[in-house]
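Letter by letter, the chains look like this.
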Amino acid sequence: MWPSAPGPLHVRPLPGEATASYLTRLAATYRLAPAQLLDGLATTVTGTEHAPPATEIRLSAEAARRLSGFTRIPLTHLTRALPHLRPPAPSSAHTGTHDTATAHWHAVETALQPLPACTACTIRRSPHTAAPAWIHPPPGLPRIMICTRHQQASSDPRHPAPLDIRAVPELTQAHLRAHRPATPTSLSWASTITTRWYDHQQHAHERWHTRLHRLTAANPRMSPGPASPTLTCRELITYPETLTLAAALDRLPPHPLTRTQQTAFLHHLAGRLRLPRLAPADHDLLWKRLTTR
C-alpha cells in the first residue's frame, strides 16, 4: 500500500550515487519495487528495468521534482548527490508550466557501471533497509572507491559488495597521501603502464602477488565468476604504484628527456616505488612516455 504521507522514512543519497541505486533503496524502504514507487509518483516509465549496476534511469525534470517533493530533499541537493539525475528545465520555473513526468531505464556498459558503496556508509544513509548502494567514481580519477573511515574499497562492478581492505593498509595510506590529484593525462598513462606491468608480472609483481593474497584471504566470500580476483582486483592491487607513477609523470618537462635525464628520472622513480632498480625493456610503455612528449 502506498504511504499516506510523503517521505516519512528519510533515505539520503550517497555522494555520487547512481539514480537507479537511490530509487532502488528508497523503494525497498517501503517494500516496493522501483516501478511501483515511480507509479505512485505518477511517472511514466519506459525501458527494461534491471538491478543496479547493469542499468541506470533517466528522470525528466518533472519526475525529478516529484522525487524531490516525496523525499523532502531539495532538488539542488539531490542533483548534487546523484550525478546522473537530470536537473529541471530552466524555462519551467519561469513560465509555471511543467513537462511530463517520465523515467527511462537504459543499459550501462561494464566500463562505466557504478561501484558498490561502503556498506557502513550505506546503512547510515538508509537505516530502514539493507539494500546495497552503487556509486559513480569521481571523473578524472581511477575507477576506485576507498572509504578510509570503514576500510572498504571497490574497483570492479562484478563484485556485488565492497572489499575489506584492513589487511592491505597501503591502499588507505596511498589514498590519504593523494592530496592533489594527478592530471587526467598522467593518470591515464600511469594506469596503463602499471596494468601492463601487472599483466606481464614485471617490476613490482612480487609485492602485488602478496597484496592480492592478503586481499583475497580477507574476503573469503568474494563471489566466484568467470573473472578471477587476479583480474577484478587489479586496479586496487596496483593503486599505490599507479598514484606514485602518475605524480612522477606530472613533473616531466614538456619536451623529450635526454638520455641522462631519463636515467635520472628512472633512478628517482625506482626510489619512489621502493624498487632496487628500474630498467624497463625497450617496448615498455614507460619508455614511450619518456620519449614522446
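Residues numbered from 1 in each chain as written. Predicted model: local features only at pLDDT ≥ 70, side-chain atom pairs only at ≥ 80, totals over all residues. Heavy atoms only, no water.

Asker: Account for the overall build of the protein chain, with residues named and values stated.
Answerer: A count of helices and strands for the protein chain gives 14 helices and eight strands. When the 293 residues of the protein chain are sorted by exposure, 47% land in the buried category. Of the contacts formed within the protein chain by residues at least 6 apart in sequence, a portion of 72% connects residues at least 24 apart. Put simply, the protein chain shows about 15300 Å² of open surface, and 57% of that area lies on carbon and sulfur atoms. (Helix = DSSP H or I, 4+ residues; strand = E, 2+ residues; numbered from the N terminus. Buried < 20%, exposed > 50% of the residue type's maximum accessible area, 1.4 Å probe, protein only. Contact = heavy atoms within 4.5 Å. Areas by Shrake-Rupley, 256 points an atom, 1.4 Å probe, with all protein chains shown as cover.)

Asker: Any chance you could break down the packing of helix 8 (residues 184-199) against helix 12 (residues 239-250) for me, citing the residues and the numbers?
Answerer: Look at helix 8 against helix 12: their axes get within 8 Å of each other, and the N-to-C directions meet at 135 degrees. Looking at the two axes, helix 8 sits oblique to helix 12. Handedness of the crossing formed by helix 8 with helix 12: right-handed. Facing S186, L187, W189, A190, S191, I193 and T194 of helix 8, the residues of helix 12 in contact are E241, T242, L243, L245, A246, L249 and D250. The residue makeup of the contact of helix 8 with helix 12, split by class, is eight nonpolar, four polar and two charged. (Axes fitted to C-alpha atoms, helices over the stretch in contact; angles between N-to-C directions. Parallel < 35°, antiparallel > 145°, perpendicular 65-115°, else oblique. Left-handed = near helix turned anticlockwise from the far one by under 90°. Nonpolar A, V, L, I, M, F, W, Y, C, P; charged D, E, K, R; others polar.)

Asker: Describe in detail helix 8, supporting the description with residues and values.
Answerer: Between the first and last C-alpha of helix 8 there are 22 Å, a value that for 16 residues agrees with the 22 Å anticipated at 1.5 Å per step. Every buried residue of helix 8 is accounted for by S186, L187, A190, I193, T194, T195, W197 and Y198. In the core, the buried residues of helix 8 are packed alongside helix 9 (205-218), helix 10 (229-232), helix 11 (234-237), helix 12 and helix 14 (285-291). Q201, located one to two residues past helix 8, shows a positive phi value of around 55 degrees. (Expected span 1.5 Å × (residues − 1).)

Asker: So what about the pattern of salt bridges? Which residues, and what values?
Answerer: Applying the stated criterion across every chain, the model contains 11 salt bridges. As a salt-bridge pair, R66 and E62 come within 2.9 Å of each other at their nearest N and O atoms. Of this pair, R66 and E62 are both found in helix 3 (residues 61-71), four residues apart, which corresponds to roughly one turn of the helix. With relative accessibility at 30%, the residue R66 sits in the partly exposed group. Residue class for E62 comes out buried when judged on its relative accessible area of 9%. Residue R211 pairs with E170 through a salt bridge whose shortest N-O separation is 3.1 Å. Here E170 lies in helix 7 (residues 169-177) and R211 lies in helix 9, a separation of 41 residues in the sequence. (Salt bridge = Lys/Arg side-chain N within 4 Å of Asp/Glu carboxyl O.)

Asker: Can you lay out the sheet that holds strand 1 (residues 44-46) for me, pointing to particular residues and giving the numbers?
Answerer: Spatially, the three strands line up as an open sheet ordered 1-3-2, and their pairing is mixed. A strand with exactly one partner marks an edge of an open sheet, and here the two such strands are strand 1 and strand 2 (55-59). Strand-to-strand twist across the sheet, computed as the mean angle between neighbouring axes with direction ignored, equals 20 degrees. Contacting strand 2 and strand 3 (102-107), helix 1 (residues 19-29) crosses the sheet at an angle of about 90 degrees to strand 2. (Pairing = 2+ DSSP bridges.)

Asker: Explain helix 13 (residues 259-272) to me, and be specific about the residues and the numbers.
Answerer: Taking 1.5 Å as the rise per residue, helix 13 with 14 residues should run 20 Å; its terminal C-alpha atoms sit 20 Å apart, in good agreement. The complete set of buried residues in helix 13 reads Q262, F265, L266, L269 and A270. Down the axis, helix 13 shows its buried residues gathered within 135 degrees of arc, on one side only. Facing away from the buried side of helix 13 by more than 90 degrees, the exposed set consists of T260, T263 and H267. (Arc of directions from axis to C-beta.)

Asker: Before we move on, can you summarise the nonpolar core with the specific residues and values?
Answerer: The biggest cluster of nonpolar side chains holds 41 residues, and the ones touching the most others in it are L215, F265, L269, L278, L286 and L290. Listed by contribution, the elements that provide at least two residues to this core are helix 7, helix 8, helix 9, helix 11, helix 12, helix 13 and helix 14. Excluding residues within four positions of it along the chain, L278 makes contact with W197, H203, L266, L269, A270, L273 and L286. Among the nonpolar cores identified, the runner-up in size contains 25 residues, and Y22, I57, L59 and L67 belong to it. (Core = buried A, V, L, I, M, F, W, Y, C linked by side-chain atoms within 4.5 Å.)

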